[in-house]
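Residue-level structure breakdown
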Amino acid sequence: MLRDVMGKSFRLLGYTIQYGCIAHCAFEYLGGIVVCSGPSMEPTIQNSDIVFSENLSHHFYCIQKGDIVIAKSPNDPKSNICKRVIGLEGDKVCISSPSDFRKSHSYVPKGHVWLEGDNLRNSTDSRCYGPVPYGLIRGRICFKIWPLNDFGFLRASPNGHRFLDD
């Protein structure tokens, strides 16, 4: 009797560990569901919207300008940020605020990206903390899950004029 109970307990423990490892690998390498908070990505992503983030793109260095990414915050490693990629390494980016009369530009250094929120007036982004190391990117947002009336792929940046081709 005791042997039977112990056998079932160890089998249950083995299955729990096995499926826990599978779930960990799926969320770490394939993707997961993310709840976005804050106003920095409005109107594209509203506060409390739920999105799906795939994690393969950053492993294969497939992040492109215009993609919305989840990254570790350069200011607070315990929190994540959701921002749009404005520039990749070597790109020329506008580093001044939209309200500045005189525009200043800089180049994104090797191994970094330039991230900005779509809500330029209410976003703490690369204009504040500079280029973000590529290694801080956790995933690329594919589509919005919630609210259901907004389900689907995300719209283009309302700040397309900030993408420089020089």
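What counts, and where the lines are drawn
Residues numbered from 1 in each chain as written. Predicted model: local features only at pLDDT ≥ 70, side-chain atom pairs only at ≥ 80, totals over all residues. Heavy atoms only, no water. Phe/Tyr/Trp six-rings, centres within 6.5 Å; stacked < 30°, edge-to-face > 60°. Helix = DSSP H or I, 4+ residues; strand = E, 2+ residues; numbered from the N terminus. UniProt positions renumbered as here; feature names shortened; annotations may be inferred. Buried < 20%, exposed > 50% of the residue type's maximum accessible area, 1.4 Å probe, protein only. Contact = heavy atoms within 4.5 Å. Polar contact = N/O pair within 3.5 Å; in protein donor to acceptor, adjacent residues only side chain to side chain. Salt bridge = Lys/Arg side-chain N within 4 Å of Asp/Glu carboxyl O. Patch = residues over 30% accessible without salt bridge, like charges linked within 9 Å, V, L, I, M, F, W, Y side chains within 5 Å. Areas by Shrake-Rupley, 256 points an atom, 1.4 Å probe, with all protein chains shown as cover. Core = buried A, V, L, I, M, F, W, Y, C linked by side-chain atoms within 4.5 Å.

1. As for the packing of aromatic side chains
Enumeration according to the criterion identifies two aromatic pairs in this entry. Taking the centre distance of 6.3 Å and the plane angle of 25° together, the rings of Tyr15 and Tyr19 count as stacked. Of the two residues, Tyr15 and Tyr19 both sit in helix α1 (residues 2-30), four residues apart, roughly one turn of that helix. The interplanar angle of 20° and the centroid separation of 5.7 Å between the aromatic rings of Phe52 and Phe143 together place this pair among those described as stacked. With Phe52 in strand β2 (residues 50-54) and Phe143 in strand β9 (residues 137-146), the pair connects residues that are 91 residues apart, well separated along the chain.

2. Overview of the UniProt feature "active site" (unreviewed entry) in the chain
When the UniProt feature table is mapped onto this chain, "active site" (unreviewed entry) is found at Ser40 and Lys83. The greatest C-alpha distance among the annotated residues, which extend across 44 residues, is 7.8 Å, indicating that they converge on a single site. Structurally, Ser40 can be placed in the loop between β1 (31-35) and β2. Since its relative accessible area comes to 12%, Ser40 is described here as buried. Setting aside its immediate chain neighbours within four residues, Ser40 contacts Cys82, Lys83, Gly117, Asp118, Asn119, Asn122 and Ser123. Among the polar contacts made by the side chain of Ser40, one reaches the side chain of Lys83 at a distance of 2.9 Å. Among the structural elements, Lys83 can be located in strand β4 (residues 80-87). Take Lys83: its relative accessible area is 5%, and that puts it in the buried class. Leaving out residues up to four positions away in the same chain, Lys83 has contacts with Ser40, Met41, Asp67, Ile68, Val69, Leu115, Glu116, Gly117, Ser123, Thr124, Asp125 and Tyr129.

3. Some remarks on the pattern of salt bridges
When charged atoms on two side chains of opposite charge get close, those side chains can pair. Scanning the model with the defined rule gives six salt bridges in all. Close ionic contact of Asp118 with Arg84 constitutes a salt bridge, the shortest N to O distance being 2.9 Å. Here the residue Asp118 occupies a position in the loop between β7 (112-116) and α3 (126-129), and Arg84 occupies one in strand β4, the gap between them amounting to 34 residues. Arg127 is the partner of Asp125 in a salt bridge, and the nearest nitrogen-oxygen pair spans 2.9 Å.

4. Let's talk about a nonpolar patch on the surface
Nonpolar side chains collect at one region of the surface, where Leu2, Met6, Phe10, Leu13 and Ile17 lie side by side and expose about 540 Å² of accessible area between them. Here Ile17 is to be found in helix α1.

5. Brief notes about the environment of Leu56
As for its placement among the helices and strands, Leu56 is situated in helix α2 (residues 56-59). Since its relative accessible area comes to 37%, Leu56 is described here as partly exposed. The spatial distance from the C-alpha of Leu56 to the C-alpha of Leu30 is 5.9 Å, given a sequence separation of 26 residues. For Leu56, the contacting residues outside a window of four places in its chain are Tyr29 and Leu30.

6. Side note on the nonpolar core
Nonpolar side chains tend toward joint burial in soluble globular proteins. Counting eleven residues, the largest nonpolar core consists of Ile63, Val69, Ala71, Ile81, Val85, Val113, Leu115, Tyr129, Val132, Tyr134 and Ile137. Of all the secondary structure elements, the ones that give two or more residues to this core are β3 (68-72), β4 and β7. If you look at the next biggest cluster of nonpolar residues, it comprises eight residues, including Met41, Ile45, Val51 and Ile70.

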